[in-house]
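# Breakdown of the fold
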Amino acid sequence: YFPRHQIKQLKDGIFINQSKYVKDLLKCFDLENTKHSKTPINTTTKLDKDEKGKSIDQNLYRSMIGHLLYLTASRPDILFAVCLCARFQSNPKESHLFAAKRIFKYLAYTPTLGLWYPRESSFELHTFSDADFGGYKVDRKNTSGSCQFLGSMLVSWFSKKQNFVALSTTESEYIAAWSCCAQAIWMKQQLVDYGYKFSKIPIKCDNTSSICLSKNHVHHSRTKHIDIRHHFIRDHIEKEDIVLSYIPTKEQIVDIFTKPLDENTFSNLRKELGLCEID
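Everything numeric in this text was worked out from a predicted model, so none of it was measured.

### As for the environment of isoleucine 56
- Summarising the element assignment, isoleucine 56 is placed in the loop between helix H1 (19-28) and helix H2 (58-71).
- By relative accessible area, which is 19% here, isoleucine 56 ends up buried.
- In this structure, the C-alpha to C-alpha distance between isoleucine 56 and phenylalanine 98, residues 42 residues apart in sequence, is 11 Å.
- If near-sequence neighbours (up to four positions away) are discounted, isoleucine 56 is found in contact with Tyr61, Pro92, Lys93, Glu94 and Leu97.

### Some details on helix H6 (residues 208-215)
- Among the residues of H6, those classed as buried are Ser210, Ile211, Leu213 and Ser214. Looking down the long axis of H6, one finds its buried residues gathered within 160 degrees of arc, a one-sided arrangement. The exposed residues of H6 that point more than 90 degrees off its buried face are Cys212 and Lys215.
- Elements that come into contact with the buried residues of H6 comprise helix H5 (169-192), strand S7 (201-205), helix H7 (232-238) and strand S8 (242-246).
- Looking at where H6 begins, the residue whose side-chain oxygen comes 3.3 Å from the main-chain nitrogen of serine 209 is asparagine 207.

### As for the packing of aromatic side chains
- Counted according to the given criterion, the structure contains 5 aromatic pairs.
- Look at tyrosine 106 and phenylalanine 266: their rings are 5.6 Å apart centre to centre, the planes differ by 80 degrees, and that puts the pair in the edge-to-face class. Here tyrosine 106 is found in helix H4 (residues 94-109), whereas its partner phenylalanine 266 is found in helix H8 (residues 263-272), with 160 residues between them in sequence.
- Assessed through its relative accessible area of 0%, tyrosine 106 is described here as buried.
- On the basis of relative accessible area, phenylalanine 266 is assigned to the buried category, the value being 4%.

### Brief notes about the sheet that holds strand S5 (residues 143-150)
- Strand order across the open sheet formed by 5 strands is S6-S5-S4-S7-S8, with mixed pairing between neighbours. What marks the edges here is a single partner per strand, and that holds for strand S6 (153-161) and S8. Strand-to-strand twist across the sheet, computed as the mean angle between neighbouring axes with direction ignored, equals 20 degrees.
- Inspection of the sheet shows S5 paired to S6 by 8 bridges, in the antiparallel sense.

### Quick word on the sheet that holds strand S9 (residues 275-276)
- The strand order across the open sheet formed by 4 strands is S1-S2-S3-S9, and the pairing between neighbours is antiparallel. If you trace the sheet from one side to the other, it starts and ends with strand S1 (6-10) and S9, each paired once.
- Sheet topology note: the S1/strand S2 (residues 13-17) ladder contains 5 bridges and is antiparallel. Looking at S2, one finds that glutamine 6 is bridged to asparagine 17.

Reading the values: rules and limits
Residues numbered from 1 in each chain as written. Predicted model: local features only at pLDDT ≥ 70, side-chain atom pairs only at ≥ 80, totals over all residues. Heavy atoms only, no water. Helix = DSSP H or I, 4+ residues; strand = E, 2+ residues; numbered from the N terminus. Buried < 20%, exposed > 50% of the residue type's maximum accessible area, 1.4 Å probe, protein only. Contact = heavy atoms within 4.5 Å. Arc of directions from axis to C-beta. Polar contact = N/O pair within 3.5 Å; in protein donor to acceptor, adjacent residues only side chain to side chain. Phe/Tyr/Trp six-rings, centres within 6.5 Å; stacked < 30°, edge-to-face > 60°. Pairing = 2+ DSSP bridges. Axes fitted to C-alpha atoms, helices over the stretch in contact; angles between N-to-C directions.

In structure tokens form, the structure reads like this:
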């Protein structure tokens, strides 16, 4: 046991979950007998400030979000929904509480879900990057998503609202790839200490225009407004630290970190991340 984490070592791998923590959460918020939900967020959910909505207890809402954020350490499947709800902590309304409770309903449906790290997995570093263009209803900013794998083992993931409004899908995907590149380079440097050296780390992106942009050094009108810090990805492509490669949208795992998904798609991507249940 590690603080609120359960680690099970088996002959063919390691299983990490927080099932006891999940059960404690459901009991803490009196949701033990709540109805179950197969996804943490509905595909039609578009949260906004809901200024005319009914106010709720801020302390209760913030406590819910704080506990859920800690749970994302082993449950990447709830990361997008939790981060979306977390944006409304300053003035939560009834609609936000309803969305947060939906996450708990999903946890009640999958309390023992956790991450599986197989013993026989390869140890090649590869990453995925994606962005949802203008998906946030309040300010139309995009949500970046990224995850990093060592072989088939998920080791890092994030879902984050971008700092400014992008003017195109290409720009939003390019900025998401920049964030992913920064994480991949950091991981590459850390793994050197363990004797692993990587080059041409693939960043898999489903937008061909952003891939072309990363290789184009011409500073034309369509890209001049992009912050210069985002172009550092080009330097690492030239140094052959990373390779920005295309992946079909249907194979883009990071969709689970950027947008609400239907039940079947969500279930499939959850498996791709290595989330499962072990007795």
